[in-house]
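Report on the structure
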Amino acid sequence: MTTTEADQVTPEAVEAVEPADHAHGVHGYHKQKDEHLKRLRRIEGQIRGLQRMVDEDVYCIDILTQVSASTKALQSFALQLLEEHLRHCVADAASNGGDLDAKVEEATKAIGRMLRT
């Protein structure tokens, strides 16, 4: 599996994804922020483990197994974050007269990016 330059996340890519008019208030994940950070630290540990495995010349299939586990962990995190976005941000736009179409489009694009990975 190779990573192309287009697959890498750059600050410019993040700016392109984030809506320019996005209000930086309380987000849907706010209530579980500590849990999310703990989960991300665990995933970070898995990635460090991958680096160590490569450094120690571990068997390819064993590394690939760990890559798969790390990928699944990130996908699971992304799905949880998406669910929280739908429950909080999209629901808020629907109930408070916000731009519901824009929020749905934003979520749809996020789902599309997740499916491409």
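Refer to the preceding data block for the structure.
Okay, so let's go over this structure. (Residues numbered from 1 in each chain as written. Predicted model: local features only at pLDDT ≥ 70, side-chain atom pairs only at ≥ 80, totals over all residues. Heavy atoms only, no water.)

Here's the deal with the overall build of the chain
The secondary structure content of the chain amounts to four helices and zero strands. Starting at the N terminus and walking to the C terminus, you meet the elements of the chain as α-α-α-α. Sorting the 117 residues of the chain into buried and exposed places 16% on the buried side. Intrachain contacts of the chain at a sequence separation of at least 6 include 55% that bridge at least 24 residues. (Helix = DSSP H or I, 4+ residues; strand = E, 2+ residues; numbered from the N terminus. Buried < 20%, exposed > 50% of the residue type's maximum accessible area, 1.4 Å probe, protein only. Contact = heavy atoms within 4.5 Å.)

So, the packing of helix α3 (residues 60-95) against helix α4 (residues 100-116)
The interhelical angle for the contact between α3 and α4, taken along N-to-C directions, is 170 degrees, at an axis separation of 9 Å. By the angle class used here, α3 and α4 are roughly antiparallel. Judged by residue contacts, Ala78, Leu79, Leu82, His85, Leu86, Cys89, Val90, Ala93 and Ala94 of α3 engage Leu100, Lys103, Val104, Glu106, Ala107, Ile111 and Met114 from α4. For the contact of α3 with α4, the per-class residue count stands at 13 nonpolar, one polar and two charged. (Axes fitted to C-alpha atoms, helices over the stretch in contact; angles between N-to-C directions. Parallel < 35°, antiparallel > 145°, perpendicular 65-115°, else oblique. Nonpolar A, V, L, I, M, F, W, Y, C, P; charged D, E, K, R; others polar.)

Concerning helix α2 (residues 33-55)
Over its 23 residues, α2 runs 33 Å from end to end, which matches the ideal 33 Å to within 8%, given 1.5 Å per residue. Buried within α2 are the following residues: His36, Ile43, Gly49, Leu50 and Met53. Looking at the buried positions of α2, the neighbouring elements they touch are α3. Looking at the residues trailing α2, positive phi occurs at Asp57, about 55 degrees. (Expected span 1.5 Å × (residues − 1).)

Comments concerning the side chain of Ser70
Within the secondary structure layout, Ser70 lies in helix α3. Taking the relative accessible area as the measure of exposure, Ser70 reaches 3% and is therefore buried.

Quick word on the pattern of salt bridges
For the coordinates displayed, the defined rule picks out four salt bridges. Between Arg48 and Glu44 there is a salt bridge, with the nearest N and O atoms lying 2.8 Å from each other. With Arg48 and Glu44 both in helix α2 and four residues apart, this pair spans about one turn of that helix. Owing to a relative accessible area of 46%, Arg48 belongs among the partly exposed residues under this scheme. Where Glu105 meets Lys109, a salt bridge forms, and the shortest distance between an N and an O atom there is 3.1 Å. Taken as a pair, Glu105 and Lys109 lie in helix α4 at a separation of four residues, close to a single helical turn. (Salt bridge = Lys/Arg side-chain N within 4 Å of Asp/Glu carboxyl O.)

Description of unusual backbone geometry
Despite not being glycine, Asp57 shows a phi value in the positive range, around 55 degrees. Turning to its location among the elements, Asp57 is positioned in the loop between α2 and α3.

Examining α4
With 17 residues, α4 should cover 24 Å at 1.5 Å per step; its first-to-last C-alpha distance of 24 Å lies within 8% of that length. The set of residues buried in α4 consists of Lys103, Ala107 and Ala110. Projection of α4 onto a plane perpendicular to its axis shows the buried side chains occupying an angular sector of 60 degrees, all on one side. Looking at α4, the residues exposed on the side facing more than 90 degrees away from the buried face are Asp101, Leu115 and Arg116. (Arc of directions from axis to C-beta.)

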